[in-house]
Amino acid sequence: MTDLAGQLSADLLAYDEAEHGTHKPGIWPSDVRVLTPGRGCRRQLAYRMAATEPSDPVPAWLIRTALAGTATHHVIEQARARAHPTWWLERRVTVPGFDRDGRLDAYMDDESTVDDVKTKGERAFEKVIDSGDVAEPDRNQVLLYGLAVEALGMPVKVCSVTYVNRSTLDSHVVTWTYDRRE
């Protein structure tokens, strides 16, 4: 009998490699996390910018966690598309000053709202609830997407981050008024 758990893990890692492979050099809007002091892994960004494989590969469990977040994003996108056919969903947008396009999770045209979905594990989701506010890197990323939407000629009045618990699909939304100067 085949080790199905081991096979699934190998299949997921192969899928991730086929989907993402080696990242092209460049700064993406999602790199704002790394560019925020005390957040993200600058070393991983440096490897990508130099088009060099990391000396310490990303652990398989972390790749599977990211894939769980991607799967959750996909389900959210499908549900939103069915309920809100005029919203922009998972749209590539150009943020002025960045080398690579970003991927806007949602622009709610009926409310002029830019939204980014962030999936979290149990403990991280509870931290978001306890803080009651948006994490600074998440806020900065949404503001960048606001600039991109404005560059496309659409109004932006509100920004939001929808935090989703990957285990339960519970969500917590933090909103604020968009301020281009930020």
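Anything mentioned here points back to the structure above.
Residues numbered from 1 in each chain as written. Predicted model: local features only at pLDDT ≥ 70, side-chain atom pairs only at ≥ 80, totals over all residues. Heavy atoms only, no water.

1. Side note on the overall build of the chain
In terms of regular secondary structure, the chain is built from six helices and five strands. Along the chain direction, N to C, the helices and strands of the chain fall in the order α-α-α-α-β-β-β-α-α-β-β. With 182 residues in all, the chain has 35% of them scored as buried. Summarising the internal contacts of the chain: among those between residues at least 6 apart in sequence, 58% fall at separations of at least 24. As displayed, the chain offers around 10,900 Å² of accessible surface, 53% of which is attributable to carbon and sulfur atoms. (Helix = DSSP H or I, 4+ residues; strand = E, 2+ residues; numbered from the N terminus. Buried < 20%, exposed > 50% of the residue type's maximum accessible area, 1.4 Å probe, protein only. Contact = heavy atoms within 4.5 Å. Areas by Shrake-Rupley, 256 points an atom, 1.4 Å probe, with all protein chains shown as cover.)

2. A short note on the packing of aromatic side chains
Summed over all chains, the structure comprises one aromatic pair. Ring centres 5.0 Å apart and planes at 45° place the aromatic pair Trp 88 and Tyr 107 in the tilted group. With Trp 88 in strand S1 (residues 88-93) and Tyr 107 in strand S2 (residues 102-108), this pair connects stretches of sequence that are 19 residues apart. Directly above the ring of Trp 88 sits Arg 91, whose terminal nitrogen or CZ lies 4.0 Å from the centroid. (Phe/Tyr/Trp six-rings, centres within 6.5 Å; stacked < 30°, edge-to-face > 60°. Lys NZ or Arg CZ within 6 Å of the ring centre and 35° of its normal.)

3. Comments concerning the pattern of salt bridges
For the coordinates displayed, the defined rule picks out five salt bridges. As a salt-bridge pair, Asp 115 and Arg 80 come within 2.8 Å of each other at their nearest N and O atoms. Taken together, the residues span a long stretch of sequence, with Asp 115 in strand S3 (residues 113-120) and Arg 80 in helix H4 (residues 60-83) at a distance of 35 residues. For Asp 179, the salt bridge is made with Arg 181, and the minimal N-O distance between the two is 3.2 Å. With a relative accessible area of 23%, Asp 179 lands in the partly exposed category. (Salt bridge = Lys/Arg side-chain N within 4 Å of Asp/Glu carboxyl O.)

4. Comments concerning a negative patch on the surface
Together, Glu 122, Glu 126, Asp 130 and Asp 170 make up a negatively charged patch on the protein surface. Relative to the elements of secondary structure, Glu 122 occurs in helix H5 (residues 122-131). (Patch = residues over 30% accessible without salt bridge, like charges linked within 9 Å, V, L, I, M, F, W, Y side chains within 5 Å. Lys, Arg positive; Asp, Glu negative; His and termini not counted. Charge placed at Lys NZ, Arg CZ, Asp CG, Glu CD.)

5. Details of the nonpolar core
Counting residues in each nonpolar core, the largest one holds 22 residues, and the members touching the most others are Leu 104, Val 114, Val 149, Tyr 163 and Trp 176. Broken down by secondary-structure element, the contributors of at least two residues to this core are S1, S2, H5, helix H6 (136-151), strand S4 (158-165) and strand S5 (171-177). The contact partners of Val 149, leaving out residues within four places of it in the chain, are Trp 88, Leu 104, Tyr 107, Val 114, Met 154, Pro 155 and Val 156. (Core = buried A, V, L, I, M, F, W, Y, C linked by side-chain atoms within 4.5 Å.)

6. Looking at the sheet that holds S3
Strand pairing within a sheet occurs via backbone hydrogen bonds; the two strands may be parallel or antiparallel. The five strands are arranged S1-S2-S3-S4-S5 in an open sheet whose pairing can be described as mixed. Two strands in the sheet have a free side with no partner beyond their single neighbour: S1 and S5. Across the sheet, the mean angle separating the axes of adjacent strands is 35° when strand polarity is ignored. Docked against the sheet, H5 engages S3, S4 and S5, running at close to 140° with respect to S4. The strands touched by H6 are S1, S2, S3, S4 and S5; relative to S3, the strand with the most contacts, the crossing angle is about 145°. (Pairing = 2+ DSSP bridges. Axes fitted to C-alpha atoms, helices over the stretch in contact; angles between N-to-C directions.)

7. Structural notes on H6
With 16 residues, H6 extends 23 Å from end C-alpha to end C-alpha; this agrees with the ideal 22 Å at 1.5 Å per step. All of the buried residues in H6 are Pro 137, Asp 138, Gln 141, Val 142, Leu 143, Leu 144, Tyr 145, Gly 146, Ala 148 and Val 149. Backbone geometry just after H6 places Gly 153 at a positive phi near 90°. (Expected span 1.5 Å × (residues − 1).)

8. Some details on the side chain of Lys 120
Its location among the elements puts Lys 120 in strand S3. Here Lys 120 sits buried without a salt bridge, and the closest side chain of opposite charge, Asp 138, lies 4.6 Å off (N-O distance).

9. Considering unusual backbone geometry
Phi at Glu 90 takes a positive value of approximately 45°, unusual for a residue other than glycine. As for its position among the elements, Glu 90 is in strand S1. A positive phi angle is found at Ser 112, which is not glycine, with a value near 50°. Overall, Ser 112 belongs to the buried group, its relative accessible area being 7%.

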